[in-house]
Structure formats: C-alpha cells, structure tokens
Amino acid sequence: RAGMELRRQVALAPRAYQLEVLRAAVRGNVIAVLQPGSGKTLIAALLVDLVKQRDAAAARPHRCTVFLVNTVNLVRQQADFLSHNTVYSVRRCCGGSGPSLEATTWRKFVYKDVILVATAQTFLESLIHGFASLEQVDLLVFDECHHTKKKHPFNLIMRDFYHLKCEPEKRPKILGLTSTPAEDPNRICYQLHVLEENLSAEICTASVNEEVAVASPNAQVETLTYPRSSFDKAVNFVLAHSHLFTESEPTVLHIIANLGPWAACQLLPSSLGAVPDELASYCTSRPLAEHVSPKVHALIALLEKQNWAQMQGIAFVDRRATASLLCRLLTAHFGTESCGVPRCFHLVGSMRISDQADVLQQFNNRSAHLLVATNVAEEGLDLQSCQLVIRFDPEPPSIRSRVQAMGRARARNSRYILMAPDGDTAYESTALGAVPDYVRGVCENLRAAPPDGDDANLWALDDDAEDDLYDEYEVPSTGALITTTTSVATLHRVCASAPLEFAHREREWVVSGLPFPAMKSVSVSDQGCTTNRYAGKRKVALEAIRKLHSAGFLDDHLHRLEVFRRPKRQDPGRDRGLDVRGVMCPLEDVGTAIRPDWAPAVNTDKDCRRGHMHVLISDDGEVLPLCIITPGPLFEISCHVRKRGNAVEDVTMRPAGEVSMCTADVAQAQEFQQLLWHSVLSLPSGTSFDWANARTLYFVLPVQPGPGTRIDWDCVRQAVRQMHTFGDGTGEGSWQSDEADRLLAGCVVYAVHDPTRLYFPQELTELTLRAPFPFADGDYFTHYRERFPQLHLDPDQSLLRCVPVTPNTCAGVHHHHSASKKVATRRLFALPVALLRPHPLPAACFRACALLPGVLSCVERLSLADDVAHAVPALAGTDPLAVAAALTPLSASADENYERLEKLGDCVLKLVATTDLYATLPAGSDEGVLHVERVRLVSNDTLVDKGSMRNIPCWIHTRSQSQWLPPAFVPPAPPPSEGGNSSPVAEEESQRCIQWKVIADCVESLAGLVFVKSESLAATCEYFRWMGLPLHEWSELHPPFLQDTQLQAEIQAVLPLEHVLKYTFRNKALLVAALTHSQSLLNYERLEFVGDAALDFCVIKYLFNKYPDQAPGGLVDLQKAAVSNEALAFVSATHGLHKYLLAAPPSVIAAVDTYCSAYFPRFSSACGKIKTLHVWVLLFNPLPLAFRLTRTSVEKTSGLPPASTEVPKILADIFEAVCGAVYVDLAFDIDAFTSAVWHLIGPHIEAHVTPATFVDDPTSRLVKTLQARQGHTAVPFTFEQLDDGTHVCVVTVDGTELCRGSGRSKYVAQRAAAALALQLLPPMPDEVNVARELYA
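Description of the structure in this document.

Assigned secondary structure in the protein chain consists of 49 helices and 36 strands. Considering the protein chain as a whole, with its 1336 residues, one finds that 52% of them fall into the buried category. Put simply, 72% of the contacts in the protein chain that link residues at least 6 apart link residues at least 24 apart. For the protein chain, the exposed surface amounts to about 60,000 Å²; the carbon and sulfur share of it is 51%.

Shown next as structure tokens:
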C-alpha cells in the first residue's frame, strides 16, 4: 500500500474493502466478487502496478498484461479507465475495429509492458494461430468472469492454453471480476466450485460489508400492480392477419397484451398503404388512453410523479420490439407536455456499436432521462447511477439478472420496482422472495463441502460430456494450436465465405466445399461419434485443418496462404515509386510525317528541301486560302473542328503534291509562323519559337488565289517585312479619311494604343469625332486628343465601324497579362481612322485560321496513329482514324474515344486468358486457382507493365483541341510561387502524367480493334503474345477430355437435356459436370468459369455490332442487364435446366423450388398465356407489385414475388456452366459456340435488352429525376434499422419525408423506397414526368 501511494498518477484512491481484495490477489489467483458499482476495475489497475513493480524488481523479462472483456463497448470503456488510473501504455484490440493482434504487434506489446484490453474472442484467435503466448503474460484479467464455462472463449483460453499448454512456473497471475459468480439459486455451491476450478482461482469477497454498502447501496424493492387488459378485437385481427405485420404473431400478441393496440399498429409496414378497418381507430398520431394497456397506464402514472430534472432511470424489458415500441409510445405521450418530462431512448443488443455508444453517451451526460433496455444494459456497460429501475416485464429466474439489474439502482434512496398484474401473488412472492443480498450470501456458501455423487465428477468439465473426444493439432514452429473445440470455427475462418457442408456417410464424417484445388472434401472415421453430429463436425474439421496444413494450403500459423486468397487490387505506381497521380511518361510521340526531317529536293540545289503540300477544303467544297507543308506525305484526313460556341465544321485536308523550299524560304516561313500564331492565338508576351529543337515541324502558309495550288510567297514576304513595324505605336503616317476605302479592302486592322486588339473594318458611319464619347465626358475628338496627342485628328472625320476579331486563346500556356484583358465580346466599335493601322496578315487568313487548332490537332493525332498501325503487326492496314480512337481517352474530349473498343477488348482478353488457363493448367485446378491465375495474367498492373514495355504510353493522345500548341512553341516562364520559387516547368515540358488505368485501357482497346479488324480470336491472341502476355498459340490449345466411363448413370439422367439445348455433346461427361453441384469432386465450377467468359464475349459482340452508335455507358448497362444473375437464372429456369441438377444439397433444392414455383407456373397454358416480356422486365426491375403500374388485369393478379425475393445463384451458374461445356466440347470454336447457344438467350436479348426497352434501376432514376429539378442535388436517402434487423430507407424531398421502403438489406429497402417515390413524386411545371415516361 505504501508503494501504491507513491504512484501519484492513480486518479482514484482505493477503499478499505478494495485493498482487502487486492491483498488476496497479490498472494494468489483470485475471483473478486463485489456488488455492481463497487469499483472492481480499480482493483485490477492497482494489481497491474504491483505486478509490474515486482517483475521490475526481480529483473524479469518484459511481459504484457491482458485485460479480457466480452464486448467491443467494454474494450473502449475499460481501456479509458485503465489509461487514467495506471502509468502504463494501454492498447485496444477488438477484431475488425482495432489493430490485428499478429506476431509483430504482440512482440511490441510485450517489449513495451503494454496493458492490452481485448475481446476474449480476438485474444483466443491470437493464441490459436500462435501469434500470442500466455508465457509472455504477467497478469490475465477476466472481466465478468462468471462466463468462464462450457465453450465460452474465457473457458477455452483457460483450458486449452493455461492448463494444457502453459508450464506451471510460467503461467500468468489470474484475476477474475464479477458480481454474480452463480446463477441458479438451487446449485450455488456447485457453480462456485466449477468457476474456481475453471479459472484456477479462489473466490474472494470483502468482509467490510458496511463500507461496501456505502459505496454501492442496495435499492429499495417495491411492487407496482396493474389491472389485466383485454383487447379481443385487436387480438382476433392479429390471429387472422398476422402476415401483415413486420414481427411474428407471438411478438405482436405480446405487444398488444403489454403495450396495447396502438403499439401493435406501429408494426404495420409503411408499404401497406391504407390501414385495415379493424385497426384504423387505433392508428392515431398520439396514443389515446383507450389505445394503451393498463400496464402502460401504471408506468406513465409512476413516471409522471418523478422529478426528472434531478434523476434518471432504466426500464428493463424482455424483447427488442417491446423496447423500441415502449420508447416510441412514451415519447409520443410526453412529447407535447411541458418541460420536466422524461426524454426516452432505447438500447438493445441488435443495435450497431456506434448507435449503442451514442445512446450511452447521451444517458451518461444526462441528455436522456429514461432508458428502455433489454438485458444488454444489465452488466458491463458503464452507466450513470440511477435513482429508479423498473422491471416492466416479469423478472427472469436468474439470480445474475436480478443482481445486475439492481446494481443499476445504486444512487442514494434508489428504488427497484417490479411490475406485476393484480392478484398474481405467486409472482409477487417469487420476485420478493429472492436473495436480497446475494453477494453476502456467497460468503456463506464459499467453503461448503464439495458436492457428492455424479456432480463431483463434473467440476472441471462443466457438464461437457463430449470432452472424452478431445484431440488437438499443434504446429511446433509457431505454437499454433487447434483443438476439437475450436476446429469448426477455425475451419470456417480458413475457408472464408465458402459454404461448407458437413455430412455423415458410410461410417465416416465428411466435410465438403473446401475452396482448395485437389482437396474439395475431407473425411474421417465416425468412431466414437456415430450419432453425435456436433462431435463428428469437430472431429472432421480438425482432420481437414491437419490435411490442409500438410498439403501446403495453410502456413505455420494455420492461416490461408496468400496464393489461395482472393487477390487485392494494388496501385502499380506505389510499387514503382511513381507519382501518385499516375505514371510519369515521356511526351506523346510524333508522327513520322511531321518530324523535322526534311528530305533534299530532287533535281535542285542541295540547299533546297522537299516538302509535301496539303490544301484545306471546307464542307461546302471551297478551298481555304491556307495550306499545310509537312516534311513527309500524309493521307487525306477529314476533321470535325469545334469552333467557338461548340459549332462543328467539317474540314478535309487533301494532299496537293510536293514543293521545294530553299533556305531563305524556310527562314521566311518560320518568321511567318511566329506572326501567324502570335496574332491568331493571342499568345502571351514572352513566348518564343525554338526551331532548332522542335519536336514537330510543319508550316501553315497562304495560297495564291486562282486556279492551281501554289504558295503565295509574295504575301509571306510582305507580311514578314511589315512584321518589323507591327505595333510600334508611333502614329507616323496617319491615314486620311479618303484612305478609308483601303482599310475596307479585305484588311484586318489594329489600334495604335493596343496592338493586341484586332478588328474587321465594316463601314464608315455618319458619326464624326464631334459625337459624344459614350464612356467618358466630352466627345471623341477630346478623348483621343488627350490620350494620343501625337496623332493628327480631324474633328470632321467620320468614324469607322469595326468588329473585333475573336482569337482562339491557347489553353496550354501560362498567360501573364492581366485577367481584365479578356477577349472582348463580339460587338461593334466606332473608331477614328487615324487610330488604326493595317495588320500584315490578310483578313482571309484570319477567317481560315479559326479552324487551324482543330485541324492541326487532328493531323498530329492521325499521323501518329498511322505510325502505330505500322508498328503493331496485328494492326497493319488499319484505318488510322480507328487506331487514333483506340488511343484517345475520354478526357481528351475528342469525337471518338476508346471506351467502346475497351469494353470489347476487355471481354476478348477475358475469354482468351480463360481459354488458355483452362486448356493448360492441370485438370485438378479448381475455379479458385483459375481465377487467381487469370487475375495475375490480365490485371491492370500486368497490362501497365506490358504496355509500357511496348511504348503504349507514348502513343496515347491526351490533349484536347483547345490544348493544342503550335510547332516549336516555347511557353514563357510561369510566374513565381508565393515562396519565391519557380514552378517545375522543365518536368512538365519533358514528361506528362497518365493514369495507370488509361494505359491498361488502351492495351485492351487496341485488342478490341484487332478483333474488329480480323474477327478472329487467334489474331487477337497473337496481339496479346506480341504485347508480352504469357499465352500459348491459339492453335495449340486443346480442351482436356473428361473420362465418362464411370458416369453412365449420370449421363442417362441428363441426356434428355440435349434435346432442349439442340446440341449433341461429343464428350457427355462435360454435360454431367456442368450440372453437378460443387460439393462433388467433378462439378460445374470450372465450366462455369469458362462459360461466364464465353457468354460475356458473345453478348458484348452482339451489342457492339447491333448498336454502333450506342454510348459506352449504355453499352455496359445493356451487357450487365443481359448477363445479370436474375436474367441468366430466368433463362435457366425457362429451359428447365434446374430439373437436371445433380448432387445438390437440400437447402439448394429448396431455394430453387421456391423461386421456380413463384415464377414459372404462371407460364403454363392452364394459367393463361402471359407473355415472357412482363416477367423479363420485372427481373431487370424487380419491384413490389404495389409499386408497379399495372397494364392489364392479368398482370395485376400474376402473383410475382416482390423485390426482396432472392434469386438462387446456382441457376445462373449452371446456365453458364452448360454454355462452358458447349464451348469446350466445340474445341474453343467461338463462332460455332455462338451458333449453338444463341437460341437459348438470344431471343430474350434481341427482344428486351435494347436501348428502347432498358429500364434503369429505381434508385438511379430517382436520383436523376431529383437532379433534374433545380435545388435537388443532395442524396435523398437516409437509413434506419429496426430491432429485428429490418432495414428502412427514408426518401426525403425538400426536407419532407416522402415515403419509406423496407427490406432485409439496405439495397432492397432503397430500391423499394425509390420505386414508391417515383410514383408519389409530384410533377413540377413544364417538367416531363420521368417516372411515368419510364414505366410507359
């Protein structure tokens, strides 16, 4: 005690009874039994300090302290308490919400003397897999240790690792904390001895009971009686219509009896619409006196008498529905009263951890006065001391429940009230006759004699008669230990989400469905567990783990090896140390025709260069007054040029022969380019042209008018000559008014005061310089004479009306001029003639130059595409326009992009890789291995690597027309940043960033283009081989033959299906395998894997060719609709494939029968001929019947299931497997496969999966509808979860709840709510009713 007083960090001072128990805990292992709220956790904190001091004094190695609890909420609560009352570091571990306790983490905890607060299950799993060891634990604390029995993790930790594995001298000290070590009042002595035996500790309680009573006083026990109720009308309705309620019939009857009909009406679903007449009188917004039970009346009368400003209380109930509805009832009753009424919340175990934490926080900070809770609030949770605890439902017979509930009423003068019906004396005597001071009674039974007879042999085993079959499997290298008790749970974790089947067959237990190649099932002898199913499951599960580890599927920690896990998608840039934005690549390559490689002219001087002229022709056939001179020849190119205002003009660039240019001509052409681009593109000041280091080189020059096509060198020389005086602003040689006609003769003029402002002269106006100036005081003459005194102005001179030239601003450079110097809007200006000067370039050039950025951007893109078509062998002879589209992402804003080709190429790659793996991997490789290998083969990471090796990033065109830059252009240095440092221009000039997915998509889009050109999988496979993928030649792929000699009975059973398929199998075993459930060694999984790829390819190929103008997003939507689980299950059941399913477990057969009986009896002739269309549309848009617009009376009564109906996935799987069997049987002939299976699914797709009939899901339609309305941009969905786990989605529009939808998942609830909202949403003025139009 003296040592502890030196620990000033301890926030709470211990009481005498706590020190008494602490002394006992120092001497040995102890189970501390104290009343609730008496500070048991403080004893653990003090003991931690003493144990750590003792080990430090003895120079013992570092060890970890482990504090075990049952729930996640308790992890947070106890960790916070220990961190405030100890000087040691506290860490949390609770499965998915905390750090994983693996070997590295555990070693850090041990080295740093950490106090680890963890859930018992998490720590048990760490011990099982050998990550943690009890030999490295100095103190092991069990909170609420009365759970240490049978299969609880507390007991498994003690039995399997403390007693059986840990050496006695290395075992940690044990401290158990509880208020109720026993539950059954008739077996208290026996239960105490069992608990001591399991925990290897002695029960200890305080002898200073007076101080304990002061610290945790007992509440006064009272009884509140109420008259019995009778609601026969409501009860009779429930008995006749229980299916209308969201809860089961017994629950609804219980609610009526205890709360009244008003509460039962709250269990009617929101989708029901009108309330039944029998319950209509009860459905009021606020519960009336005659609508609630006398029991609730008695509770309300009790609550109204309390002073809630100074007190809090808890009402315990038995059912989650009762807690929720009682809280809602009390809130509705007290909600409109004056202040001082209780604010109610409910707390149940099915709530999310975060929701529970919110309720506890509000209760502890006194924002909530009354908590309506189930037994989840009885123990463990840190709640404020209450003045009132009410047992609304009858008290359970368990002593623990009574003591824990009374422990919540530990405030001064607190009351514990039991509610009982009038005249129930048996209940009153039972309730009040329980042990009033249970903890004190423990002392009297503590040292009682051990029980005699049969009970004496069950102390340590705790009624577990199956422990005679105990067995274990240990890995010596890591210490991982699996016992028969933990084997089943461990096997499920190892197999992830794989559905395991346990069965007893022919004197052995079998587990099947293991997701490992060549080991689908494991069997073991049933000796000793012939009739005990649970013992047999544990035995075969342990054998399965032993064999999986021996076969190398599990590592030495008995964890699944990464090669057999589902691969995780990784960013390749992270492994290569690349920029997080994507992959830093060199700039886009330049086509051969526009590279600065001039060939010498033929039969001329050696200084002359040979170029190739290309003229521009507008869409009306007019030859534009500009031509393009390139070093190499180009083909005819048609461009769609976007001008200002998104106007599109078609321009054709056509070859016009060769030209020769001497050195002087080239120099003049270069100077002309500078003048041209500065004037047309309005380049910022400080820009220059570096012709010596240009990546691209071509000239835009004027053409002589008249017949023939020749360069107008006179125009070039005159423009270059005038270029040196352009914009000097001296004003010398000012023009007279009689020279205005010269200005109007096809010139472009500029203003002396601002040469960047260019104008097209229109006509002389009647205004003179004496006219008033519109933007300042005075007239034009006064304004311009003050600004330009050097000009000779005539006051009687007429003003010239001009239209400003709108330049194409270059978006790819940094502009230094002020933001106020934006391009003027296109309006008329009146300017004096003396202020204007002629521009060196003719007006015809300016008008044609507006098309140049779009034309030249297209030229650069197609020139490179032509080189790519020659570089890729499989693309030889392909139209460069198609190649350019395959290398253009959507971000480039081009008319054509790669998205359609990428989708086709993705399916081609999937089919080619799947076929290659199926044909080359061993026949024992299951679907999991095939999937892993395919992901590795065709992942985006692999495609990025292979594409980068083939220079694909340098072929991708990422610039839009507005970002085009002229040849040899050098941008000005960007402005310095705020810190004074220049921006990294050099990096941007030499590199560009491309998203890694864009590179992978381009690889796939080129594959799609190869297939479109060749229509051959063999040619596409050769392209992938050229790309570097490790694929075999297509001609070398041969399907493995399945032996059918042992399958004659199965073949005869499935043989009639050939008539349905209209196909005769060469290898009948393929059809048997395609219809055999996965629990058999020969099953459909491998064929389903192949059939999925083949079917995807056939569908996307059909849609790609059928709808050439369909947008890529619409193409993907159609493909998903055609091969969705619902669609394929429908087709499978339509053709009766489920009738031939082999070796399926009863659960699967029952699910298939339920689905088929709900849908397909309606198609028989006896039920009327209902068209398949209606059911097909329902499967793509499954909505409850009440939400659909009915067209005919036949549809209205069709009885189709609602959206919550689950479609068995096995129906879609066997259809894909049968398609895979046909594809394999045809030796991978995709054309023959398409012809063989298209009659099964093709008619449905051709009729119903079209852009005209496709209906988007209700959620997307509602979001789009609301987004079309001004001001509706927020997501309108909010979610709730009822106590029974049902999810509720609320649609809110303009702050008002529109409707609700419910379902067993958020997805189903959201779809139901969105569908109803589309029907209820009121139309806005001048707005098309989107929902009605889509349903029409």
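Structure's up, so let's keep going.
Mapped onto the fold, I594 is located in the loop between strand 19 (583-586) and strand 20 (599-600). I594 sits 38 residues away from G632 along the chain, and the two C-alpha atoms are 6.3 Å apart. The residues touching I594, leaving out its near neighbours within four places in the chain, are T630, P631, R695, T696, L697, Y698, V859, E860 and S863.

Time to look at the sheet that holds strand 17 (residues 508-516). Pairing is antiparallel in the open sheet, where three strands are placed in the order 16-17-18. Lying at the two open borders of the sheet, with one neighbouring strand each, are strand 16 (501-505) and strand 18 (519-525). Between one strand axis and the next, the sheet turns by 25 degrees as a mean value, whatever way the strands run. The pairing of strand 16 with strand 17 spans five bridges and is antiparallel. Paired with F502 across the two strands is V511, which belongs to strand 17.

A negative phi angle is the norm for most residues apart from glycine, just as the trans form is the norm for most peptide bonds. A positive phi is found at A1143, a non-glycine position, where the angle reads about 60 degrees. Residue position: A1143 is located in the loop between helix 41 (1125-1134) and helix 42 (1146-1159). For F1228, which is not glycine, the phi torsion reads 65 degrees and is therefore positive. Positionally, F1228 belongs in the loop between helix 45 (1209-1225) and helix 46 (1230-1248).

This structure, assessed with the given rule, holds 26 salt bridges. Of the charged contacts in the structure, one is a salt bridge between D714 and R717, with a shortest N-O distance of 3.6 Å. Of the two residues, D714 and R717 both sit in helix 24 (residues 713-723), three residues apart, roughly one turn of that helix. Given a relative accessible area of 33%, R717 falls into the partly exposed group. R936 is the salt-bridge partner of E933, the closest N and O atoms lying 3.9 Å from each other. Placement of both E933 and R936 in helix 31 (residues 927-938) is noted, with a separation of three residues, approximately one turn of the helix. Given the relative accessible area of 45%, R936 is considered partly exposed. It is possible to trace a salt-bridge network through shared partners that takes in R54, D55, R60 and R63.

Spatial ordering of the open sheet is given by 34-35-36, a layout of three strands whose pairing is antiparallel. Single-partner strands in this sheet number two, and they are strand 34 (1277-1281) and strand 36 (1296-1303). For this sheet, the mean angle separating the axes of adjacent strands, direction not counted, is 25 degrees. Relative to strand 36, strand 35 (residues 1287-1293) runs antiparallel, the two being bridged by seven bridges. Across the sheet, residue C1289 finds its bridge partner in strand 36, namely G1301. The sheet contacts of helix 48 (residues 1306-1320) involve strand 34, strand 35 and strand 36, and relative to strand 36 the element is tilted by about 140 degrees.

Among the structural elements, W691 can be located in the loop between strand 25 (688-689) and strand 26 (699-702). Once the C-alpha coordinates of W691 and Q670 are considered, the two residues, 21 residues apart in sequence, prove to be 7.9 Å apart. When near neighbours in sequence (up to four residues on either side) are disregarded, W691 contacts Q670, Q673, Q674, L697, F699, P967 and A968.

We now examine the packing of helix 39 (residues 1085-1106) against helix 46. The interhelical angle for the contact between helix 39 and helix 46, taken along N-to-C directions, is 70 degrees, at an axis separation of 10 Å. When the axes of helix 39 and helix 46 are compared, the pair comes out roughly perpendicular. As for the relative orientation of helix 39 and helix 46, their crossing is right-handed in sense. Across from A1094, L1095, F1097, C1098, V1099, K1101 and Y1102 in helix 39, the residues of helix 46 making contact are I1230, D1231, F1233, T1234, W1238, I1245 and E1246. Tallied by class, the residues present in the contact of helix 39 with helix 46 amount to 10 nonpolar, one polar and three charged.

Now for the pairing of strand 14 (residues 472-475). Along strand 14, the buried face is formed by Y473 and V475; none of E472 and E474, which line the opposite face, is buried. Sheet analysis places strand 14 next to strand 15 (residues 480-483), joined by four bridges and oriented antiparallel. Residue pairing for strand 15: E474 is matched across the bridge by L481. Linking strand 14 back to strand 15 in an antiparallel pair, the connection comprises four residues, with G479 at a positive phi of about 85 degrees.

Turning next to the packing of helix 3 (residues 40-57) against helix 4 (residues 72-85). Axis separation between helix 3 and helix 4 bottoms out at 10 Å; the angle between their running directions is 50 degrees. When the axes of helix 3 and helix 4 are compared, the pair comes out oblique. Seen from above, helix 3 lies across helix 4 with right-handed handedness. Facing T41, L42, A45 and D49 of helix 3, the residues of helix 4 in contact are Q78, F81, L82 and N85. Split by residue class, the contact of helix 3 with helix 4 holds four nonpolar, three polar and one charged.

Residues of helix 20 (residues 487-494) that are buried: S487, V488, T490, L491 and V494. Along the axis of helix 20, the buried residues cluster in a sector spanning 165 degrees; they form a single face. Directly after helix 20, the chain includes A496, whose backbone phi takes a positive value near 55 degrees.

Our focus in this paragraph is the nonpolar core. One recurring pattern in soluble globular proteins is that nonpolar side chains are buried together. One finds I629, W677, F699, L701, Y1023 and F1233 to be the most contacted residues of the largest nonpolar core, which totals 185 residues. Among residues more than four places away in sequence, those in contact with F699 are W598, C627, I628, I629, M661, V666, A669, Q670, Q673 and W691. Listed in part, the 69 residues of the second largest apolar core include L68, A201, F516 and C529.

Here we come to the side chain of R1086. Relative to the assigned elements, R1086 resides in helix 39. A relative accessible area of 13% means that R1086 is categorised as buried. Aside from chain neighbours lying at most four places away, what touches R1086 is Y918, P922, A923, S925, D926, E927, L930 and P1040.

A cluster of like negative charges, contributed by D619, D620, E622 and D650, occupies part of the molecular surface. Mapped onto the fold, D620 is located in the loop between strand 21 (609-618) and strand 22 (623-630). With relative accessibility at 58%, the residue D620 sits in the exposed group.

Now for the pairing of strand 35. Taking burial as the measure, the seven residues of strand 35 include six buried ones, the bulk of the element. Here strand 34 pairs with strand 35 via five bridges, running antiparallel. Following the sheet pairing, Q1281 is matched in strand 35 by H1287. Linking strand 35 to strand 36, which pair antiparallel, is a turn of two residues; within it D1294 sits at a positive phi near 55 degrees.

Right, let's talk about the packing of aromatic side chains for a bit. Enumeration according to the criterion identifies 18 aromatic pairs in this entry. Where F689 meets W691, the ring centres are 5.9 Å apart and the plane angle is 15 degrees; that geometry is what we call stacked. Both residues of the pair, F689 and W691, belong to the buried class. Relative to Y784, the ring of F773 has its centre 6.1 Å away and its plane inclined at 85 degrees; by these criteria the two rings are edge-to-face. Of the two residues, F773 sits in the loop between strand 28 (754-768) and helix 26 (780-787) while Y784 sits in helix 26, which places them 11 residues apart along the sequence. An aromatic cluster is present here, built from W598, F689, W691, F699 and F969 joined pairwise through their rings.

Calculation criteria
- Residues numbered from 1 in each chain as written.
- Predicted model: local features only at pLDDT ≥ 70, side-chain atom pairs only at ≥ 80, totals over all residues.
- Heavy atoms only, no water.
- Helix = DSSP H or I, 4+ residues; strand = E, 2+ residues; numbered from the N terminus.
- Buried < 20%, exposed > 50% of the residue type's maximum accessible area, 1.4 Å probe, protein only.
- Contact = heavy atoms within 4.5 Å.
- Areas by Shrake-Rupley, 256 points an atom, 1.4 Å probe, with all protein chains shown as cover.
- Pairing = 2+ DSSP bridges.
- Axes fitted to C-alpha atoms, helices over the stretch in contact; angles between N-to-C directions.
- Salt bridge = Lys/Arg side-chain N within 4 Å of Asp/Glu carboxyl O.
- Parallel < 35°, antiparallel > 145°, perpendicular 65-115°, else oblique.
- Left-handed = near helix turned anticlockwise from the far one by under 90°.
- Nonpolar A, V, L, I, M, F, W, Y, C, P; charged D, E, K, R; others polar.
- Arc of directions from axis to C-beta.
- Core = buried A, V, L, I, M, F, W, Y, C linked by side-chain atoms within 4.5 Å.
- Patch = residues over 30% accessible without salt bridge, like charges linked within 9 Å, V, L, I, M, F, W, Y side chains within 5 Å.
- Lys, Arg positive; Asp, Glu negative; His and termini not counted.
- Charge placed at Lys NZ, Arg CZ, Asp CG, Glu CD.
- Phe/Tyr/Trp six-rings, centres within 6.5 Å; stacked < 30°, edge-to-face > 60°.

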